[in-house]
Amino acid sequence: MKYKQIIGLEFHIQLNTRSKMFCDCNNLNEDELPNTAVCPICLGHPGTLPVVNKKAIESGIRLALALNCKINKSTKFDRKNYFYPDLPKGYQISQYDQPLAENGELIINHAAPDGLAGRLDKEEELKRIRILRVHMEEDTAKMIHSKQESKSLIDFNRSGSPLLEIVTYPDMRSSREAKTFAQELQLIVRELGISDADMEKGHLRCDANISLLPENDQELNPKTEIKNINSFKALERALDFEIRRQMLLWEKGNPPEKQTTRGWNDKEQETVEQRGKEVEKDYRYFPEPDIPPLKFSDDYINEIKSLLPEMPQSKRKRLMEEYGFSPEASKILTADQYIDDFTERALSELAEWITTLPEMEGQGTRVQIWKDNKKKLVKLLSDWLINKLLPTLEKQEITLKESKIDSENFAELISIIYQNKVNSAGASKILEEMVKTGIDPSQAMVELNVEQVDDEETIESIIDSVIKQFPDQVDEYKSGKEPVINFLLGQVMKQSQGKANPEKSEKILKEKLK
Ligand SMILES: [Zn+2]
């Protein structure tokens, strides 16, 4: 029998506001000693009063707007009651029936190749994932379980940190769709700058709900909730494991009958049923009496909306449509704001350079010149950014932001390469120097002595001397061993200290050996 996979996701995003959700303790305390960023409010002392963090609310509204949600004009906080050692008050301040926002959507490309968010211009590949709600709450403390000493420690630094919860409708139909959605959400959160959204550090936490539905059935079956997912890979694997497990149960005529919670065990690569007690959901929600409901005016919401940055999807689309970048390149070049800014600034520098070049005079309007050269220039820039600059940074173990290279100089390097003033090997040397010292590429070309030898007479004289030096190889080539040309070319490059124009050298060499 065939089964439909019904998948919904739930996310918790730890916001990076300076202070916590209801007190002014330092919220950016990951590097602090345990239990040092605490006060009576986040320790849950009786008689203390919570005060709402305006910035956290604003972050929540920004994400909700980015997810096309409807912001509720009036929202309130509720107490979610349960007992656990990481929750000193015995309740968590959360939101129940009047969440911050509801009814949003995010469009993903369900056919995207692995790790790619995909194009947005192929209608048949797009999938709309509805967002049920976005609400705010406070985080709990962190429990640290020590097996050796058979005891648990509690760090209250995380207690009261602002969290955004995002719940989707069960609109996803495969583990890949779920992963693509989660990755897109991470990109949006990072673009908004409201959280680092690092899954391994727990800034972005994800629970997945899954049930199978025999193809002709309509009624939804009891779902399984998967917890402890700490990476995108784990999300995909946990869902795949659960799909197989549930399919076997269906085949045996023994499908899941009640809702359960299972934890993902990354080491064993399997989900494990968690105790029934943790599944129990009688939280006795009631309105938080210490915080009055919040009211938002249209002006307030519209102002936040008007200040939203361009979303990653739209950026990728623009890079593809306006400049002709590949989907893969667009994904890499918009992965973080710094790379994106760098790319766009370098592009505009390149356009400025090519259209004002003295040689271009009489070649048409500036728009026309840019149009004629754009495709080649963008390809060159994309290749040098992705295949040379990023690996060079990785080799030197620094980020683009930390490196000394700037977009203006990078654009100049691309223009030097475009004009054949330097060959690929020489340009790589220049690039390494630029990353290290921030040197201007024209200056580096002179200092490193890598300026391309383009002059045909000079190349010819080098080739003549190579032909004289290696008569045996020349004979071999002439008798039909064509690959020997590579050896001879190598000698030409060596004698020119790597500076000869490779294309010209090959052309002249072939002509001389005819
Ligand atoms: Zn506090």
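Preceding this paragraph is the structure being described.
Residues numbered from 1 in each chain as written. Predicted model: local features only at pLDDT ≥ 70, side-chain atom pairs only at ≥ 80, totals over all residues. Heavy atoms only, no water.

**Student:** I'd love a proper account of the state of the cysteines, names of residues and values included.
**Tutor:** All chains considered together, the criterion is met by zero disulfides. As a non-bridged cysteine, Cys69 has Cys206 as the owner of its nearest cysteine sulfur, 17 Å distant. (Disulfide = S-S within 2.5 Å.)

**Student:** So what about empty space enclosed by the protein? Which residues, and what values?
**Tutor:** Considering all chains together, one arrives at two cavities of 30 Å³ or more under this definition. As a volume, the largest cavity reaches approximately 70 Å³. Forming the boundary of the largest cavity are Ile41, Cys42, Asp86, Leu87, Pro88, Lys89, Tyr91, Glu138, Asp139, Thr140, Ser159 and Gly160. Residues of the lining of the largest cavity, tallied by class, amount to five nonpolar, three polar and four charged. (1 Å grid on protein atoms, 1.4 Å probe; cavity = no way out; pocket = protein on both sides within 12 Å on 5 of 7 lines; lining within 4 Å. Points joined across faces, edges and corners; volume = space filled by probe spheres on them. Nonpolar A, V, L, I, M, F, W, Y, C, P; charged D, E, K, R; others polar.)

**Student:** Got a sec to walk through the packing of aromatic side chains? Specific residues and values, please.
**Tutor:** Considering all chains together, one arrives at 12 aromatic pairs under this definition. Aromatic pair Tyr3 and Trp250: ring centres 5.8 Å apart, planes at 45°, arrangement tilted. Of this pair, Tyr3 sits in strand β1 (residues 3–14) while Trp250 sits in helix α3 (residues 232–251), and the two are 247 residues apart along the sequence. The exposure class of Trp250 is buried, given its relative accessible area of 16%. Plain terms: the ring middles of Tyr283 and Tyr285 are 6.0 Å apart, the flat faces sit at 80° to each other, and that makes the pair edge-to-face. Here the aromatic residues Tyr82, Tyr96, Tyr283 and Tyr285 are joined through ring pairs into a cluster of three or more. Across the ring face of Tyr283, the terminal group of Lys80 is positioned such that the distance to the ring centre comes to 4.5 Å. The ring of Tyr169 is capped by Arg130, whose NZ or CZ atom sits 4.0 Å from the centre of that ring. (Phe/Tyr/Trp six-rings, centres within 6.5 Å; stacked < 30°, edge-to-face > 60°. Helix = DSSP H or I, 4+ residues; strand = E, 2+ residues; numbered from the N terminus. Buried < 20%, exposed > 50% of the residue type's maximum accessible area, 1.4 Å probe, protein only. Lys NZ or Arg CZ within 6 Å of the ring centre and 35° of its normal.)

**Student:** Explain the coordination of the zinc ion to me, and be specific about the residues and the numbers.
**Tutor:** Distances from the zinc ion to its protein donors, Cys23 (SG), Cys25 (SG), Cys39 (SG) and Cys42 (SG), fall within 2.3 to 2.4 Å. Each of the four donor atoms bound to the zinc ion contributes to angles spanning 100 to 115°, and the resulting shape is tetrahedral. Within one chain, the residues donating to the zinc ion are spaced in sequence as C-x1-C-x13-C-x2-C. Linking Cys23 in the loop between β1 and α1 (54–66) with Cys39 in the loop between β1 and α1, this pair joins segments that are 16 residues apart in sequence. Judged on exposure class, the residue Cys23 and its partner Cys39 are both buried. (Donors = N, O, S within 2.8 Å, 3.2 Å for Na, K, Ca; no water. Tetrahedral: all angles 85-135°; square planar, octahedral: opposite > 155°, others 65-115°.)

**Student:** Please give an account of the nonpolar core that cites residues and values.
**Tutor:** Of all hydrophobic cores here, the largest spans 64 residues; its most connected members are Leu9 and Leu63. Looking at this core element by element, the count peaks at eight residues for α3. Filtering out sequence-adjacent residues up to four positions away, Leu9 remains in contact with Ile166, Val167, Thr168, Met172, Ala178, Phe181, Cys206, Asp207, Ala208 and Leu235. With 45 residues, the next largest nonpolar core counts Tyr323, Ala351, Ile354 and Val435 among its residues. (Core = buried A, V, L, I, M, F, W, Y, C linked by side-chain atoms within 4.5 Å. Contact = heavy atoms within 4.5 Å.)

**Student:** Before we move on, can you summarise the layout of surface pockets with the specific residues and values?
**Tutor:** Taken as a whole, the second largest pocket holds about 440 Å³ of empty space. Lining of the second largest pocket is provided by 21 residues; of these, Gln14, Asn27, Asn29, Glu30 and His203 occupy positions nearest its centre. Across the lining of the second largest pocket, the residue classes tally to four nonpolar, eight polar and nine charged.

**Student:** Could you give an account of the packing of α1 against helix α5 (residues 298–306), with specific residues and numbers?
**Tutor:** For any two helices packed against each other, the geometry is given by the interaxial angle and the distance between the axes. The contact between α1 and α5 brings their axes to 10 Å, and the two run at 65°. Considering their axes alone, α1 and α5 lie roughly perpendicular with respect to each other. For the element pair α1 and α5, the recorded crossing hand is right-handed. Across the interface between the two elements, Glu58, Ile61, Arg62 and Leu65 of α1 pack against Tyr300, Ile301, Ile304 and Lys305 of α5. Considering only residue class, the contact of α1 with α5 consists of five nonpolar, no polar and three charged. (Axes fitted to C-alpha atoms, helices over the stretch in contact; angles between N-to-C directions. Parallel < 35°, antiparallel > 145°, perpendicular 65-115°, else oblique. Left-handed = near helix turned anticlockwise from the far one by under 90°.)

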